[in-house]
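Single-letter residue listing:
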Amino acid sequence: FILRKWILGKSVSATSFRLTEKFILLLVFSAFITLCFGAIFFLPDSSKLLSGVFFRSSAVETNTRTGPDGSEPGSAGNDGREANPGTPKPGRDGPKSRSYRRYAWGSNELRPVSKQGHSSNLFGSIKGATIVDALDTLFIMEMSEEFNAATEWVEKNLDFNVNAEVSVFEVNIRFVGGLLSAYYLSGKEVFRQKAVELGEKLLPAFRTSTGIPWALLNLKSGVGRNWPWASGGSSILAEYGTLHLEFMHLSKLSGNQEFAQKVMNIRKVLNRLDKPQGLYPNYLNPNSGQWGQHHVSVGGLGDSFYEYLLKAWLMSDKTDEEGKKMYYDSLQAIETSLIRKSSGGLTYIAEWKGGLLEHKMGHLTCFAGGMIALGADGAPGDKTGHQMELAAEIARTCHESYARTALKLGPEAFRFDGGVEAIATRQNEKYFILRPEVIETYMYMWRFTHDPKYREWGWEAVQALERHCKVEGGYSGVRDVYSSNPSLDDVQQSFFLAETLKYLYLLFSEDDQLPFDHWVFNTEAHPLPVIRKEQTDRPNEVE
């Protein structure tokens with residue numbers, strides 16, 4: 001797509017790009033991502049087409065956002081337990097590139113080393129998570145044939161009438177978010193119908209004494225519960241706080257205001273509670289309406305709650321004043337209590353446990369650089385410049401977490417204590433599962449500053465993915481980014497397709513590709529349009 005624009009002679013201002021010859025070649029590279037998406041889904045034997053070309057195989061869905069084996073699912077983070085048993089990586093130039101279509105079409109996931117389908121308990125017996133997660137990416141990359149094939153699968157095979165327990169959070173961000181985005185981009189009615197159908201099946205999760213939803217829900221019986229490991233049966237901030245964008249759109253598209261009422265009630269519950277030092281603990285009991293363990297994190301268990309406060313305001317065409325105030329107040333509390341600078345000059349976001357700081361920053365937390373940059377223009381007072389500086393400092397720290405590893409890929413978490421900075425010191429924090437958060441921040445920082453270093457850093461990540469994660473059947477996570485010969489976890493996460501590749505594509509695209517004044521990305525990188533006042537429900541008018 002980018003290459004085509006260059007061939008057609010679309011002008012790019014010198015002030016915007018200031019690129020070296022080398023960097024122009026990097027831009028041309030982004031065109032290959034589109035080419036390779038076809039191989040991800042549809043080519044049974046694509047070795048000749050994709051020899052020497054990046055992203056040549058299929059993408060799949062993760063067992064969980066929180067770790068490689070899905071043992072402790074929940075929010076966008078967990079304690080980082082070990083990955084699935086790895087398998088030695090075949091040579092870089094294997095004889096064939098196998099596709100998702102060939103080995104796992106309709107399955108939720110693919111194992112790229114063992115070349116077989118895989119499903120996790122996060123989705124119960126719902127199928128096709130990878131297909132739904134990739135719909136908007138296929139559309140954005142103008143791959144109409146592949147998009148139409150995926151659409152046909154959704155029409156004929158996507159079924160939510162299952163007697164199974166699902167993660168409300170994961171099903172919402174991946175399935176509901178993916179279907180909504182596909183509808184708004186394409187206008188195809190099937191996506192709207194499926195999104196509303198699934199949204200209605202999730203509503204029983206809110207049947208608690210406070211209206212704070214359960215984490216897990218049986219879609220047939222409507223019976224919900226929370227993760228047994230969550231503090232005293234608590235609901236998790238990043239889960240119940242990451243429904244707002246999708247549910248507001250469900251109300252708009254269905255005419256059923258119950259969706260909006262459910263998520264607005266969550267704010268009412270939160271606003272009645274005292275916040276320790278202005279912070280939101282990660283655990284909240286849905287029956288008592290009281291905080292659980294006082295653990296605060298902008299990474300796992302907390303992250304996307306803050307993201308959705310800001311994006312709810314932006315998505316409302318900046319009319320959601322409550323969401324705006326909650327976001328900027330919480331950001332101020334985070335800066336006061338959690339953000340620190342190391343002796344080496346690296347700014348990081350620590351975690352807060354019962355009044356004590358743990359000087360650890362997760363890969364998941366690295367999304368915050370992009371979030372802070374996105375919200376800087378609306379910052380109160382004269383804080384816009386300060387917040388942009390803070391966003392740049394966080395981006396730099398996250399880049400350092402990559403640069404200080406053997407593979408030039410970032411660990412799941414890195415620490416600032418014991419004489420180390422931006423380095424993982426525990427074995428169960430050294431893995432990399434193709435996460436998107438660092439690339440996400442690079443993309444936002446590029447859009448707002450056009451500083452070429454963010455594209456250069458993105459290109460470094462591309463080279464590392466190609467060198468260390470590519471296998472014959474796809475791209476796999478690795479178990480130790482500090483090892484020169486790491487084992488693989490044999491999982492290619494669905495967010496690699498929905499987020500990592502999409503953010504890379506946008507990093508090397510022009511700014512008019514999904515402009516921020518028209519679109520807001522959900523936490524799975526599914527673009528949702530800004531809701532203007534007095535709009536109709538036609539997708540081309542919701543921009």
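Residues numbered from 1 in each chain as written. Predicted model: local features only at pLDDT ≥ 70, side-chain atom pairs only at ≥ 80, totals over all residues. Heavy atoms only, no water.

Asker: Could you clarify how one ought to interpret the layout of surface pockets in this entry?
Answerer: A water-sized probe, rolled over the atoms, reveals where empty space remains. When its volume is computed, the second largest pocket comes out at roughly 320 Å³. What lines the second largest pocket is a set of 15 residues, and nearest its centre among them are L314, K318, L374, F516 and D517. Contributing elements (two or more residues each) for the lining of the second largest pocket: α13 (303-315) and α17 (437-449). Looking at side-chain class alone, the lining of the second largest pocket contains seven nonpolar, one polar and seven charged residues. (1 Å grid on protein atoms, 1.4 Å probe; cavity = no way out; pocket = protein on both sides within 12 Å on 5 of 7 lines; lining within 4 Å. Points joined across faces, edges and corners; volume = space filled by probe spheres on them. Helix = DSSP H or I, 4+ residues; strand = E, 2+ residues; numbered from the N terminus. Nonpolar A, V, L, I, M, F, W, Y, C, P; charged D, E, K, R; others polar.)

Asker: Is there a simple way to think about the UniProt feature "active site" (unreviewed entry) in the protein in this case?
Answerer: Under the present numbering, the feature "active site" (unreviewed entry) in UniProt falls on E170, D303, E412 and E437. Assessed through its relative accessible area of 0%, E170 is described here as buried. Residue placement: E437 occurs in helix α17. Exposure remark for E437: the relative accessible area of 5% places this residue in the buried category. (UniProt positions renumbered as here; feature names shortened; annotations may be inferred. Buried < 20%, exposed > 50% of the residue type's maximum accessible area, 1.4 Å probe, protein only.)

Asker: Explain the environment of I236 here, please?
Answerer: Inspection of the secondary structure assignment puts I236 in strand β6 (residues 235-236). The class for I236 is buried, based on a relative accessible area of 1%.

Asker: I keep staring at the confidence of the model for the protein and nothing clicks. Help me out?
Answerer: Regions with low pLDDT should not have their predicted coordinates read in detail. For the protein, mean pLDDT is 85; residues scoring 70 or higher make up 80% of the total. In this model, residues 1-19 is a region of pLDDT below 50 whose contacts with residues beyond four sequence positions or in other chains number 31 contacts. Note on residues 43-98: pLDDT is under 50 here. Beyond four places in sequence and across chains, it has 219 contacts. (pLDDT = per-residue confidence, 0-100. Contact = heavy atoms within 4.5 Å.)

Asker: Got a minute to help me understand the state of the cysteines in this structure?
Answerer: Structurally, a disulfide amounts to a covalent bond that connects the sulfur atoms of two cysteines. One pass over the structure, following the stated rule, counts one disulfide. Linked covalently through their sulfurs, C366 and C398 form a disulfide whose S-S length is 2.0 Å. Since a negative S-S torsion denotes a left-handed disulfide, the C366-C398 link at about -100 degrees is left-handed. Here C366 is found in the loop between β13 (360-362) and α15 (367-376), whereas its partner C398 is found in helix α16 (residues 384-403), with 32 residues between them in sequence. Grouping residues by exposure puts C366 and C398 together as buried. (Disulfide = S-S within 2.5 Å.)

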